[in-house]
Amino acid sequence: LWGLQAQLRQAREDPIRIRLPWPTARSCGRAGTDAKARLVMPLCITGPSGQSTHVAAAIVSGPKPPVIRSIARFEPQNILTNVDAAGNVDFVLIRDKAIDIASINAQHDHNRPSAIRQLWRGDKSIDSALLTMSPTGPAVQLLHGDGQERLIDLGRRQSKPSQ
């Protein structure tokens, strides 16, 4: 993979090659820049048998090898990226009838697995999802197969499935 640090509308430095220890790792969502100006990129890593995939975050700060933070042991349909007001990077993991959120805290310098929490569980399949702003802050706008739309705030905690 390659990374480029930008400043306004131009490149700040030459592109850097991001070396990963897996031959099948690929970027599977948009990267975000945290409060420490590090590039935080979601990776999908296919297992050696090709039967399983897991998600991790590569935290890149210059030409040195990235710090890798494990996120989930499944491959989501889609990953949405949000950088909050504190400069933390949130990856919103979209699955057929579920949404989880994994946070990479900008103040933590370690390679322990990321915190992940359930954001939404439902009975209807998700056709598409995008990040938007609600009156209370960042949210995910869902479109279900029956044409119904739903708005889920990123700060929300859900304890039971909703329709």
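Scroll up to find the structure this text is about.
Report on the accompanying structure. These numbers come from a predicted model, not from an experiment.

1. Here we look at the sheet that holds strand 13 (residues 115-121)
Within a sheet, neighbouring strands are paired by backbone hydrogen bonds and run either parallel or antiparallel to one another.
Alright, step 1. Across the sheet, which stays open at both edges, the 4 strands sit in the order 10-11-12-13 with antiparallel pairing between neighbours. Both edges of this open sheet fall to strand 10 (78-83) and strand 13, since each of them pairs with a single strand only. Each neighbouring strand pair of the sheet contributes to a mean axis angle of 25 degrees, computed without reference to strand direction.
Alright, step 2. Pairing of strand 12 (residues 98-104) with strand 13, which is carried by 6 bridges, proceeds in the antiparallel orientation. Bridge pairing in strand 13 places A98 opposite R121.

2. A few points about the packing of aromatic side chains
Alright, step 1. By the definition in use, this model includes 0 aromatic pairs.
Alright, step 2. If you follow R95 out to its NZ or CZ, it ends over the ring of F74, 4.1 Å from the centre.

3. Some words on the pairing of strand 7 (residues 39-46)
Alright, step 1. For strand 7, a buried count of 6 out of 8 residues is recorded, marking the element as mostly surrounded by other parts of the structure.
Alright, step 2. Summarising the sheet, strand 5 (residues 25-27) and strand 7 pair through 3 bridges and their orientation is antiparallel. Looking across to strand 7, one finds that S27 is bridged to L43.
Alright, step 3. Where strand 6 (residues 32-33) lies against strand 7, 2 bridges are found, and the strand directions are antiparallel. Within strand 7, the residue paired with G32 across the bridge is V40.
Alright, step 4. In sequence, strand 6 turns back onto strand 7 through a hairpin of 5 residues, with A37 there showing a positive phi of about 65 degrees.
Alright, step 5. The pairing of strand 7 with strand 8 (residues 53-60) spans 8 bridges and is classified as antiparallel.

Thresholds, definitions, all that
- Residues numbered from 1 in each chain as written.
- Predicted model: local features only at pLDDT ≥ 70, side-chain atom pairs only at ≥ 80, totals over all residues.
- Heavy atoms only, no water.
- Pairing = 2+ DSSP bridges.
- Helix = DSSP H or I, 4+ residues; strand = E, 2+ residues; numbered from the N terminus.
- Axes fitted to C-alpha atoms, helices over the stretch in contact; angles between N-to-C directions.
- Phe/Tyr/Trp six-rings, centres within 6.5 Å; stacked < 30°, edge-to-face > 60°.
- Lys NZ or Arg CZ within 6 Å of the ring centre and 35° of its normal.
- Buried < 20%, exposed > 50% of the residue type's maximum accessible area, 1.4 Å probe, protein only.

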